[in-house]
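Architecture at a glance
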Amino acid sequence: MATLYKTAQTEFKDVDDVLEERERRSSIKQRVLMVASRGVTYRQRHLMNDLEALMPHTKKESKVEAKQEMGVLNELAEIHNCNNVFYMEARKHQDLYLWISRAPSGPSVKFLVQNVHTMDELKMTGNCLKGSRPILSFDATFDGEPHLQLLKEILTQTFGVPKGARKSKPFFDHVYTFSVVDGRIWFRNYQIVERDAETGGDMAKNAKPTLVEIGPRFVLNPIRIFEGSFGGPTLYENPRYVSPNAVRAAVRAQQSAKYANRVADIAERKANQEANPLPVDPLKDVFD
């Protein structure tokens, strides 16, 4: 009887271990809900399609209204069984904002997307297998400040394709590079080439693999990091961020200043002519 009890206890313990292992594996899987707002331009839509092709662990949702509350995105993520949200918000048909959020509890970060170049525009020679897993490369600047460490973790959970993800293949043939330059995050995608470009054969033993850019390219300018998902207390605010509206207003003010200066010069010249009239020529009407 004691032997039977020990055997049953061991079996139940093994079952508990299996359940815990399954729960651990399911908890570390990253699923990303990719969604855009209405009003995106063709270039922004092509960028989203390029990123969807590079991230096989994403689930795409139809467009949502930009004026809706952000809490709807958390509900969509729960419906699609996703724990990350990749939301592209277009404004005025020219500005693109990117929200990356950990649903449903946060944190979340808001970026301004700049210098967008899609794969169709670049026409690079690099290529990678669709669905392959990328290597994520971050420069040393990310380890220097707390908010950059948090951004590194958020980008890793979003862009990193987990092992065994849907539509993914067990290959590493490209690398994502995230570099911090002038307070902005520069994204590049490179193919890892292990063959000689001229002959097409295998490289020598001591030769190092080369990188060939694939695309797309874009720059992320961080605006704010929130504690919650799409809101909540502000953890970090970029003091160097200038909104595109302010930039356009400054350009218009500069152009209007040029016009105002030209009008002022004309008025000053007219006032000088009135204040200093030319003397009357006594021989003006001699030959009439």
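Residues numbered from 1 in each chain as written. Predicted model: local features only at pLDDT ≥ 70, side-chain atom pairs only at ≥ 80, totals over all residues. Heavy atoms only, no water.

The name an unreviewed UniProt entry assigns to the protein is Ribosome biogenesis protein brx1, from the organism Coemansia helicoidea.

1. Comments concerning the nonpolar core
Put simply, the test is: Put simply, a nonpolar core is a bunch of buried Ala, Val, Leu, Ile, Met, Phe, Trp, Tyr and Cys residues held in one set by side-chain atoms that sit within 4.5 Å of each other. With a 1.4 Å probe rolled over the protein chains alone, any residue whose accessible area is under 20% of its type maximum counts as buried; one over 50% counts as exposed, and the rest are partly exposed. Only DSSP runs of H or I covering at least 4 residues are called helices, and only runs of E covering at least 2 are called strands; the numbering of each starts at the N terminus. By definition, residues are in contact when any of their heavy atoms lie within 4.5 Å.
Ranked by internal contacts, the top residues of the largest apolar core, which has 36 residues, are Leu51, Phe86, Met88, Ile100, Phe159, Phe178 and Ile185. Broken down by element, the residue count for this core peaks at five residues, all from helix 5 (residues 146-159). With sequence-adjacent residues up to four places away left out, Ile100 is seen in contact with Val85, Phe86, Pro107, Ser108, Val109, Phe111, Ile154, Leu155, Thr158 and Phe159. By size, the runner-up hydrophobic cluster in this structure holds 14 residues, among which are Val64, Met70, Val85 and Phe226.

2. Observations concerning unusual backbone geometry
Cis geometry is found at the peptide bond from Ala103 to Pro104, where omega equals 0°. Gly106 connects to Pro107 through a cis peptide bond whose omega is 5°. Note that Pro107 resides in the loop between strand 4 (95-102) and strand 5 (108-117). Of note, Lys123 is a non-glycine position whose phi angle comes to about 55°, a positive value. Take Lys123: it is sitting in the loop between helix 4 (119-122) and strand 6 (132-138). A residue is classified by how much of its surface remains accessible, and Lys123, at 67% relative accessible area, is exposed.

3. Overview of a positive patch on the surface
Note the threshold: Exposure above 30% relative accessible area and no salt bridge define the residues that can form patches, which grow by joining like charges within 9 Å and nonpolar side chains of Val, Leu, Ile, Met, Phe, Trp and Tyr within 5 Å. For every accessible area listed, the method is Shrake-Rupley and the probe measures 1.4 Å; residues are considered covered only by the protein chains on display. When a carboxyl oxygen of Asp or Glu is within 4 Å of a side-chain nitrogen of Lys or Arg, the pair counts as a salt bridge. By the counting scheme adopted, Arg and Lys are positive, Glu and Asp are negative, and His together with the chain ends is not counted. One atom stands in for each charge, and that atom is NZ of Lys, CZ of Arg, CG of Asp or CD of Glu.
On the surface, a cluster of positive charge is contributed by Lys130, Arg166, Lys167 and Lys169. Among the secondary structure elements, Lys130 is positioned in the loop between helix 4 and strand 6. On the basis of relative accessible area, Lys130 is assigned to the exposed category, the value being 61%.

4. Thoughts on the pairing of strand 11 (residues 231-237)
Selection criterion: Here the rule is simple: two strands pair whenever DSSP picks up at least two bridges between them.
Relative to strand 11, strand 10 (residues 217-228) runs antiparallel, the two being bridged by four bridges. Looking at strand 11, one finds that Arg224 is bridged to Glu237. Between the end of strand 10 and the start of strand 11, which pair antiparallel, lie two residues, with Phe230 showing a positive phi angle near 60°.

5. Some details on a nonpolar patch on the surface
A contiguous nonpolar patch, built from Val242, Val247 and Val251 and spanning about 220 Å² of accessible area, is present on the exposed surface. You can see Val247 is positioned in helix 6 (residues 244-275).

6. Here we look at the side chain of Glu61
Operational definition: Polar contacts, as used here, are pairs of N or O atoms within 3.5 Å; protein pairs need one atom able to donate a hydrogen and one able to accept it. Residues neighboring in sequence count only if both atoms are side-chain atoms.
Mapped onto the elements, Glu61 comes out in the loop between strand 2 (58-60) and helix 3 (71-79). Within polar-contact distance, the side chain of Glu61 engages the side chain of His80 at 2.7 Å. With sequence-adjacent residues up to four places away left out, Glu61 is seen in contact with Leu33, Met34, Val35, Leu76 and His80.

7. Brief notes about the environment of Asn74
If you trace the backbone, Asn74 turns up in helix 3. Taking C-alpha positions, Asn74 is 9.0 Å from Asn84, a pair spaced 10 residues apart along the chain. Contact partners of Asn74, with chain neighbours within four places excluded, come to Ala103, Pro104, Ser229 and Phe230. In this structure the side chain of Asn74 is engaged in a polar contact, spanning 2.7 Å, whose partner is the side chain of Ser229.

8. So, the pattern of salt bridges
Close approach of charged atoms allows side chains with opposite charge to pair. Within this structure, the stated rule accounts for 11 salt bridges. Lys60 serves as the salt-bridge partner of Glu52, at 3.6 Å between the closest nitrogen and oxygen. Taking the relative accessible area as the measure of exposure, Glu52 reaches 27% and is therefore partly exposed. Looking at Lys60, the relative accessible area reads 40%, which means it is partly exposed.

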